[in-house]
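What follows is each chain in one-letter form.
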Amino acid sequence: MEIVKSSSAGTLDSCDIQIRIETNEIGTNEIYLKSVVEMQFGDQIKSLISGVLDKHNLKGVTVNAVDRGALDCTIKARVESAVMRALGREILEDWSVIHHDK
Amino acid sequence: MNRIHGKMIKPYKGPFDGVGKVTSSLREAIQRADLKDGMTISFHHHFREGDYIINTVMDQIAELGIKNLTIIPSSLGKVHEPLIGHIESGVVREIHTSGLRGKLAEFVSDGKLGTPLIIRSHGGRARAIEAGEVKIDVAFLAAPRSDKMGNASGNGKYTQCGSLGYAIVDAKYADTVILITDDLCDYPNIKPSITQDLVDSVVVLDSIGDPNGIASGATRFTKNPKELKIAEYAANTIMSLPLYKTGFSFQTGSGGSSLAVTRYLKENMKLNDIKASFALGGITQPMVELLEEGFVGCLYDVQSFDLTSTASIAKNENHIEISASQYANPSNKGCMASMLDFVILSALEIDTDFNVNVMTGSDGVIMGASGGHCDTAASAKVTIVVAPLYRGRLATVVEKVTSVITPGNTVDIFVTERGIAVNPRRKDLLEILEKTTLPLVTMDDLLEKVDRLVGKPVPIEFEERIVAKIEYRDGSIIDTIRQRKNTL
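Predicted, not measured: the structure shown is a model, and the values here were computed from it.

Overview of the overall build of chain B
Moving on, step 1. Along the backbone of chain B there are 15 helices and 28 strands.
Moving on, step 2. Expected size for 488 residues packed as a compact globule is a radius of gyration near 23 Å; at 23 Å, chain B falls within 12% of this value.
Moving on, step 3. For chain B, contacts bridging at least 24 residues in sequence account for 73% of all contacts bridging at least 6.

Here's what the structure looks like:
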């Protein structure tokens, strides 16, 4: 899939995560994470974000994430929103049914 | 040097020795106290984050070239970050405290203090001082008001801290007591917390503390639904137990949930015409309201947290100042804590054996205070710990706490927003609570729930080096904190 614009989702509130997505020139995905729980959960959060990107077949995307202790469900939702916005598909009809995994 | 009962004595120099106690400067007072390399000095923490004294005194001591001191403040806050410089330059060698926070705490957690930090509870500190395990050579005690002889009290023209409970022990047991104030009043200052017979010098400074950092204004009630849920469960737990009847006694912490417990209790006390005999501890506005509305007979106050309580201790006869020893020293002839029915305490972490950590963050960095946690937990008939199941992404319920401040055999009930766990040791409480509609769970249930929600964290790694020793209230070492490994 192709990104049509840079996008963001989420806030810097406690228990939330802010995601910014933009294209890069290297062709692979890069994830930069700052987190209050980096030592304990840094790798898990990165792999979660990367999983969402893969699901949408995104390549050459840079994600800047600032995490304030969000749970996995929140992180996934914020990344999904940012991806949808980056793809220009905010008002997609099947938006609510596409990405419910177990 | 001549000592009687461990205390330095001065030969008789006539009836008026000591009349000229007011010294022209802090420097002169320090010199007069004959402070030397390697001595032990103390401070109190009644000014909390508004304290100017520790930094001012340490700067002056550094200027005088005195080194290798042991400092034993009753606690330290973020505001004491400049101590880092004094450690690096060799002025401070050893620190004993209840709490440690901010940059200074990170500095110590990184192993940069030469000798391990000693962490004591409030009762344990009073015990160690009275037992002579630590000998204070010079106590630097700030007081919002004092007269020229050192009759000192907690409410002055510029600053108000109410109770001076932690300072009283130091005043009684230090060889030399330097009283520091910014409000020198006419003699005599009546109803002093510290009396003139204990004070060597009086120093007047322009400013001793920032009123905004010393006591918060109005205590805001939490609106956080999680905290309210926890408070409601905790209050309902108390109300279900037979100890809850007229004449009961209690202490609550100053966290959001703890404060809200008082509010729920009050509604029920009003409804059922139940009155408490006394409330203890760090005193806050909700307790003062209980006193003024007649729901509690008296307040015993070792530390006044907000302006409502600093004002109350000055005007309400039944709002009584007590020393840290009277509060929680396990080795005197009976501390007030030993008369508690209920205590409600908070936790950073609690494990499946009910051990509680209030000192070390889940990242291994020191960030809290021991306070009266283990003292009151051991003493009260029913000890209730309240905390959310997780904060941010960090679990409160864990398999093993990062460090133990309060041992699990002194904790009876743990209340979260997801249920109430009763320590299996307290079958009597469990039997009563099982007959109620309260949501009882086990610690294992809670651990499983929280693991599912936040996931399994990568375990924190530590170096071999011990950076802090945690003393239990009786002086035994209950745990140690190791230097954190920086894995990022």
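Continuing now.
Description of the overall build of chain A
Moving on, step 1. Across its full length, chain A holds 3 helices and 4 strands.
Moving on, step 2. Shown N-terminal to C-terminal, the secondary structure of chain A runs as helices and strands in the order β-β-β-α-β-α-α.
Moving on, step 3. Per-residue burial for chain A yields a buried fraction of 27% across its 102 residues.
Moving on, step 4. Put simply, 74% of the contacts in chain A that link residues at least 6 apart link residues at least 24 apart.

Some points on the packing of helix α9 (residues 256–272) of chain B against helix α10 (residues 285–292) of chain B
Residue and element names in this part refer to chain B.
Moving on, step 1. Closest axis-to-axis distance for the α9/α10 pair is 9 Å, and the angle between their directions is 25 degrees. By the angle between their directions, the pair α9 and α10 is classed as roughly parallel. Contacts from Leu259, Thr262, Arg263 and Lys266 in α9 reach Pro286, Met287 and Leu290 in α10.
Moving on, step 2. The residue inventory of the contact of α9 with α10, partitioned by class, reads 4 nonpolar, 1 polar and 2 charged.

Looking at the pairing of strand β15 (residues 296–304) of chain B
All names here are of chain B.
Moving on, step 1. Burial within β15 is extensive, with 7 of its 9 residues counted as buried.
Moving on, step 2. Bridge count for strand β14 (residues 276–283) against β15 is 7 bridges, and the pairing is parallel. Among the inter-strand pairings, Phe278 is bridged to a residue of β15, identified as Cys298.
Moving on, step 3. In terms of handedness, the path from β14 via α10 over to β15 forms a crossover that is right-handed.
Moving on, step 4. Pairing geometry for β15 and strand β16 (residues 319–321), over 3 bridges, is parallel. Each bridged residue has a counterpart across the sheet, and for Leu299 the counterpart in β16 is His319.
Moving on, step 5. With respect to chirality, the unit in which β15 leads through helix α11 (residues 307–315) into the neighbouring parallel β16 is right-handed.

Quick look at the nonpolar core
Nonpolar side chains tend toward joint burial in soluble globular proteins.
All names here are of chain B.
Moving on, step 1. Counting 165 residues, the largest nonpolar core has Leu141, Ile194 and Ala234 as the members making the most contacts within it.
Moving on, step 2. When residues of this core are sorted by domain, at least three fall in each of domain 1 (3–214) and domain 2 (225–458).
Moving on, step 3. In this view, Ile194 contacts Leu141, Ala143, Gly150, Ala152, Leu164, Ala167, Ile168, Ala171, Leu179 and Val199; residues no more than four positions away in its chain are not counted.

So, the interface of chain A and chain B
Moving on, step 1. Taken together, the contact pairs 14 residues of chain A with 13 residues of chain B.
Moving on, step 2. For the side of chain A that touches chain B, the element with the most residues is helix α1 (residues 38–55) of chain A, which contributes 5 residues.
Moving on, step 3. Residues belonging to the side of chain A that touches chain B are distributed by class as follows: 7 nonpolar, 4 polar and 3 charged.

Comments concerning the confidence of the model for chain B
Moving on, step 1. When pLDDT is averaged along chain B, the result is 95; 98% of the residues meet or exceed 70.
Moving on, step 2. Interface confidence in the predicted complex, given as ipTM, is 0.82; pTM for the same model is 0.93.

A word on the domain arrangement of chain B
It is common to give the size of an interface as the accessible area lost on bringing the parts into contact.
All names here are of chain B.
Moving on, step 1. Each domain of chain B was delimited in the assignment, giving domain 1 (3–214) and domain 2 (225–458).
Moving on, step 2. When each unit is reduced to the centre of its C-alpha atoms, the spacing between domain 1 and domain 2 is 30 Å.
Moving on, step 3. When contributions to the side of domain 1 that touches domain 2 are tallied by element, the ones reaching two or more residues are α4 (102–109), α5 (122–130) and α6 (165–173).
Moving on, step 4. Here the side of domain 1 that touches domain 2 gets 6 residues from one element, more than from any other, and that element is α5.

Side note on the sheet that holds strand β4 (residues 61–67) of chain A
Residues and elements named next belong to chain A.
Moving on, step 1. One open sheet holds the 4 strands; their spatial order is β1-β2-β4-β3, and the pairing between them is mixed. Strand pairing shows two members of the sheet lacking a second neighbour, β1 (7–9) and β3 (30–35), which therefore form its edges. On average, each strand axis in the sheet is inclined to that of its neighbour by 10 degrees, with strand direction left out of account.
Moving on, step 2. The strands touched by helix α2 (residues 72–86) within the sheet are β1 and β2 (17–23), with β2 carrying the most contacts at an inclination of about 30 degrees.

Comments concerning the sheet that holds strand β18 (residues 349–351) of chain B
All names here are of chain B.
Moving on, step 1. Within the open sheet, the 3 strands sit side by side as β19-β18-β23. Their pairing is mixed. Unpaired on one side and paired on the other, β19 (356–357) and β23 (397–398) mark the two borders of the sheet.
Moving on, step 2. Relative to β23, β18 is paired through 2 bridges, and the arrangement is parallel. Note that in β23 the partner of Asp351 across the bridge is Val398.

Some details on the pairing of β4(A)
Residues and elements named next belong to chain A.
Moving on, step 1. What you see with β4 is a clean split: Val61, Val63, Ala65 and Asp67 sit on the buried side and Thr62, Asn64 and Val66 on the side with no burial.
Moving on, step 2. With 7 bridges joining them, β2 and β4 adopt antiparallel strand pairing. Bridging from a neighbouring strand, Gln18 pairs with Val66 of β4.
Moving on, step 3. Alignment of β3 against β4, held across 6 bridges, turns out to be parallel. Bridge pairing in β4 places Lys34 opposite Val66.

Let's talk about the environment of Ile168(B)
Residues and elements named next belong to chain B.
Moving on, step 1. Tracing the backbone through its elements, the reader meets Ile168 in helix α6.
Moving on, step 2. On the neighbour-count criterion, Ile168 (24 C-beta atoms within 10 Å) is buried.
Moving on, step 3. Each C-alpha atom, one on Ile168 and one on Arg391, is 37 Å from the other, the two residues being 223 residues apart in sequence.
Moving on, step 4. Residues within four places of Ile168 in sequence aside, it is in contact with Ser193, Ile194 and Ser323.

What counts, and at which threshold
- Residues numbered from 1 in each chain as written.
- Chains lettered and ligands numbered in written order.
- Predicted model: local features only at pLDDT ≥ 70, side-chain atom pairs only at ≥ 80, totals over all residues.
- Helix = DSSP H or I, 4+ residues; strand = E, 2+ residues; numbered from the N terminus.
- Rg over C-alpha atoms; globule rule 2.2 N^0.38 Å.
- Contact = placed C-beta atoms within 7 Å.
- Buried ≥ 20, exposed ≤ 12 C-beta atoms within 10 Å, placed from the backbone.
- Axes fitted to C-alpha atoms, helices over the stretch in contact; angles between N-to-C directions.
- Parallel < 35°, antiparallel > 145°, perpendicular 65-115°, else oblique.
- Nonpolar A, V, L, I, M, F, W, Y, C, P; charged D, E, K, R; others polar.
- Pairing = 2+ DSSP bridges.
- Right-handed = clockwise from strand over helix to strand, strands pointing away.
- Core = buried A, V, L, I, M, F, W, Y, C linked by C-beta atoms within 7 Å.
- Domains from an automatic or database assignment.
- pLDDT = per-residue confidence, 0-100.

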